[in-house]
Amino acid sequence: MVECVDPRHCHVALLVGGASGEREVSLASGDGARQALEEAGYNVTVLDPSVKTDLKTLIDGDFDVAFICLHGKYGEDGTLQGLLEMIGLPYIGSGVWSSSLAIDKAKSKVFYQMSDIPVPPSITLYADNQVDIDSLVDDLGDHCVVKPATEGSALGVFIVEGKDEIQEAIEKVWDFDDEILVEKYVEGKELTVAVIGNEDPRALPIIEIVPVNEFYDYESKYTPGASQHICPARLSDETTQRVQELAVKAHLALGCSGVSRSDFILDNDGTCWILETNTIPGMTGTSLLPDAARAAGISFAQLCTMLIGYALEKK
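Summarised in this report is the structure supplied together with it. (Residues numbered from 1 in each chain as written. Predicted model: local features only at pLDDT ≥ 70, side-chain atom pairs only at ≥ 80, totals over all residues. Heavy atoms only, no water.)

### What about the environment of A233?
Put simply, the test is: Secondary structure elements are defined from DSSP: runs of H or I of at least 4 residues count as helices, runs of E of at least 2 residues count as strands, and each element is numbered from the N terminus. Contact definition: two residues touch when any of their heavy atoms are within 4.5 Å.
Residue position: A233 is located in the loop between β11 (227–230) and α9 (237–253). Not counting residues within four places of it along the chain, the set of residues in contact with A233 comprises L191, I206, I207 and E208.

See below:
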């Protein structure tokens, strides 16, 4: 049961910005969340933890809950969550361990597999590795996805074909991360499923993503009109139930709480492959979580109140 929240008596520290490569996205998410929270009647103070004076205000302030809208490193990876645990301030989303696990796509795969959630074949590369392209292609084929293991928003993601393109993409991705995930390319429908709740989480309606570009890249995510969100997704009832069950299994496998959003590819043979789980989904005007909530009859303001309720319930 979600704790009942009276917005009139709840002071929210809305955390935005941060120091990751997703700073601009975070600021946009924060603006969307601020409008929804104020519409619901909350007293909202916007703070950027990468600014020392704001960080001091967060620590010293009289807040009831932190609403996190920081994406990527230092905001979604358990770093900020650890600070909030130290100062005893409840916060939306997953805890330290789950946050740090979910942001690492390579390590998440281990837990997905333990829960029988299909994952595309992949190889993880580290900065001190010697990369053997011939061996990599033998294992994965020559059509691959090369991406940073611990970045979000599709930053530094390349879909490539052929040894030369794979090698070139790997060299580029080192600029984003010292850990790289090279996955076998899987063709199919791009789906995303938001899950909300703590002890008894439930999946929201599935969104089918139809990007203008080759895949749901950074531009497709954050440029109005660059992708089409079809919700509910064009799936049979049986497939819908199966994909939603996989999303809940992923939420539980990573120990998530409050909210998560898992991305999948449904291939032409009907296998649904998980790609990643986001523990701080976007809250911008083009974001997927608010879209899914609306399809379930939950307004943006109501969604924010539910997330705060889960945070206080967890406390």
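Read on for the rest.
### Description of the pairing of strand β3 (residues 65–68)
The criterion, for reference: When a residue's accessible area, from a 1.4 Å probe over protein chains only, is under 20% of the maximum for its type it is buried; when over 50% it is exposed; and in between it is partly exposed. Between any two strands, pairing holds if DSSP finds at least two bridges.
Of the two faces of β3, both are covered, the one formed by V65 and F67 as well as the one formed by A66 and I68. For strand β1 (residues 11–15) and β3, the ladder comprises four bridges, and the chain directions are parallel. Of the residues in β3, the one forming a bridge with L15 is I68.

### Section: the packing of aromatic side chains
Threshold: Any pair of Phe, Tyr and Trp rings, taking the six-membered ring for Trp, is counted once the centres come within 6.5 Å. Such a pair is stacked with planes under 30 degrees apart, edge-to-face with planes over 60 apart, and tilted for the rest. Consider the ring centre and the ring normal. A charge sits over the ring if Lys NZ or Arg CZ is within 6 Å of that centre and within 35 degrees of that normal.
One pass over the structure, following the stated rule, counts one aromatic pair. Each ring, one from W97 and one from F111, has its centre 5.5 Å from the other, and the planes form 80°; the classification is edge-to-face. A residue pair is termed long-range when its members are at least 10 positions apart, and W97 in helix α4 (residues 96–102) and F111 in helix α5 (residues 105–114) qualify at 14 residues. The exposure class of W97 is partly exposed, given its relative accessible area of 49%. The ring of Y91 is capped by K314, whose NZ or CZ atom sits 4.5 Å from the centre of that ring.

### Structural notes on the sheet that holds strand β2 (residues 43–47)
Under the convention used in this document: Axis definition: a line fitted to C-alpha atoms, over the contacting stretch in the case of helices. Angles run 0 to 180 degrees between N-to-C directions.
Across the sheet, three strands lie side by side as β2-β1-β3; this open sheet has parallel pairing. The strands lining the two open edges of the sheet, one partner per strand, are β2 and β3. With direction set aside, neighbouring strand axes in the sheet form an average angle of 30°. In the sheet, β1 pairs with β2 via five bridges, with the strands oriented parallel.

### Comments concerning a negative patch on the surface
Selection criterion: Only residues whose relative accessible area exceeds 30% and that form no salt bridge enter a patch; like-charged residues are grouped when within 9 Å of one another, and nonpolar side chains (Val, Leu, Ile, Met, Phe, Trp, Tyr) when within 5 Å. Accessible surface area values rest on a Shrake-Rupley calculation with a 1.4 Å probe, where residue burial reflects the displayed protein chains alone. Each salt bridge in this description consists of a side-chain nitrogen of Lys or Arg and a carboxyl oxygen of Asp or Glu lying within 4 Å of one another. Counted charges follow a simple rule, with Lys and Arg positive, Asp and Glu negative, and His plus the chain ends left uncounted. Every charge is mapped onto a representative atom, which is NZ of Lys, CZ of Arg, CG of Asp or CD of Glu.
On the surface, D142, E161, D164 and E165 cluster together into a negatively charged patch. Within the secondary structure layout, E161 lies in strand β6 (residues 158–161).

### Side note on the state of the cysteines
Keep this limit in mind: When two cysteine sulfur atoms lie within 2.5 Å, the pair is treated as a disulfide.
Per the stated rule, a full pass over the model turns up zero disulfides. Left without a disulfide partner, C256 is nearest to the cysteine sulfur of C272, which lies 17 Å away. You can call C256 buried: its relative accessible area is 6%. In this model C272 remains outside any disulfide bridge; the closest cysteine sulfur is found in C231, 15 Å from its own.

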